[in-house]
Amino acid sequence: MQLAGTQSELSSGEWTSVFQQAGQLGMLHAHFTGGEPLARMDLTELVSAARTAGLYTNLITSGVGLNDQRLAALMGAGLDHIQISFQDSREEAANWIAGAKAHAHKIELSQAIRKYKVAFTVNLVVHRQNLDHLEEMIAFIETLNPDRVEIAHAQYYGWALANRAALMPTREQVEKGVAIVAEAEKRLAGRMRIDAVIPDYYAKYPKACMGGWGQRLMLINPSGKVLPCHAAEVLPQMSFENVRDRPLQWIWEESESFQRFRGESWMAEPCRSCDHRAEDFGGCRCQAFLLSGEAEATDPACSLAPKHSVIESALRESNAGTSVKQGTGGSSFVQLQQQSAALWTYRTNPE
Ligand code: SF4
Ligand code: FES
């Protein structure tokens, strides 16, 4: 995916107008996410503008670039919720996968956050290489004392799709992970809430991606383009409006892109007559396109999908253990990465 140049980014004033329009439209939340929202030097001003527009503000960050002073300013601006992502409980592995020596800083930052009255969530992305020490990762997160932890399996879009063989867990890993999470939920009830998302490759039916296309969410990228989901630009023959050219309300109500997969009229069989269509909306449009070549197809993650065989074959490969080694409780993740370096696909650094 092409990253937008900073010169095309919306100004503070343009973002303020977007937040005002969102508030008037009845939207409830503004999630500041990335890339890395801290790269915006005016982030405090933006949080304050969103707050003034009546939106609940949530910062989703790696924590890189957040020092005590900036944190205090964000809290002063009325930030309601902060989410920090951790890649692992083990420093070496966490830094390796993040591509930055950020783990120790994130721990310090978590301690600083707890001094404020702000809701705090830790995000943990799990995959083939770290699931075997999930218990250890949960114990580590407990020491950070968040209100909530989100344990999410890698989702296979973009670079994760290119690296799917290295990231896809085995069925045994997934089943053990579910049991560990259930035990932790029981033990931590009333102290820390756990939200865990099972990988849809292993589910019977697909996820209700975005809560339905054009039903709950507008994603506005740094240059003002408005998307119904984070991956929508992979879809062919679609164009997306920009807040510089159209009011947010028009984009939500009238634009072709938001109407394209809204509701059920676009659905083909088996979704069109399926009892689950109001629950999962036929699954994810972007995944359907990436795995089947057709944006209108039933998401192949669905066990009823005509193209479900592509999921079955990815799982066969993953469970046969022929695709890539997995980390074990005792093995060094970094050692494993170095041995298997040829298996990873990297993004080239932008010039
Ligand atoms: Fe959902 Fe379509 Fe599968 Fe039915 S056939 S469960 S609507 S994806
Ligand atoms: Fe685009 Fe699911 S990510 S619809």
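Residues numbered from 1 in each chain as written. Chains lettered and ligands numbered in written order. Predicted model: local features only at pLDDT ≥ 70, side-chain atom pairs only at ≥ 80, totals over all residues.

Asks: Explain the nonpolar core to me, please; I cannot follow it from the model alone.
Replies: Nonpolar side chains tend toward joint burial in soluble globular proteins. Counting 61 residues, the largest nonpolar core has Phe-19, Ala-22, Val-47, Ala-50, Leu-124 and Cys-229 as the members making the most contacts within it. Among the elements that make up this core, the one with the highest residue count is helix α2 (residues 43-52) (5 residues). With sequence-adjacent residues up to four places away left out, Val-47 is seen in contact with Phe-32, Thr-57, Leu-74, Ala-77, Gly-78 and Leu-79. (Core = buried A, V, L, I, M, F, W, Y, C linked by C-beta atoms within 7 Å. Buried ≥ 20, exposed ≤ 12 C-beta atoms within 10 Å, placed from the backbone. Helix = DSSP H or I, 4+ residues; strand = E, 2+ residues; numbered from the N terminus. Contact = placed C-beta atoms within 7 Å.)

Asks: Even after reading the chapter, I still don't get the sheet that holds strand β2 (residues 56-61), so can you show me in this structure?
Replies: Spatially, 6 strands are ordered β1-β2-β3-β4-β5-β6 in an open sheet, and the strand pairing comes out parallel. Of all the strands in the sheet, just β1 (29-32) and β6 (193-197) have a single pairing partner and so form its edges. Direction aside, neighbouring strands of the sheet carry axes that sit 20° apart on average. Sheet strands touched by helix α5 (residues 103-113): β3 (81-86) and β4 (119-126). Its angle to β3, the strand with the most contacts, is close to 160°. The strands that helix α9 (residues 171-188) touches are β4, β5 (148-153) and β6; relative to β6, the one it contacts most, it runs at about 165°. (Pairing = 2+ DSSP bridges. Axes fitted to C-alpha atoms, helices over the stretch in contact; angles between N-to-C directions.)

Asks: Honestly, α9 in this entry has me stumped. Any pointers?
Replies: Residues separated by three or four positions in an α-helix point in the same direction, a consequence of the helix having 3.6 residues per turn. Here α9 contains 18 residues, and its C-alpha end-to-end distance of 26 Å stays within 8% of the 26 Å for a straight helix at 1.5 Å per residue. Those residues of α9 that are buried are in contact with β4, α6 (134-144), β5 and β6. Just downstream of α9 lies Gly-190, where phi reads positive at about 85°. (Expected span 1.5 Å × (residues − 1).)

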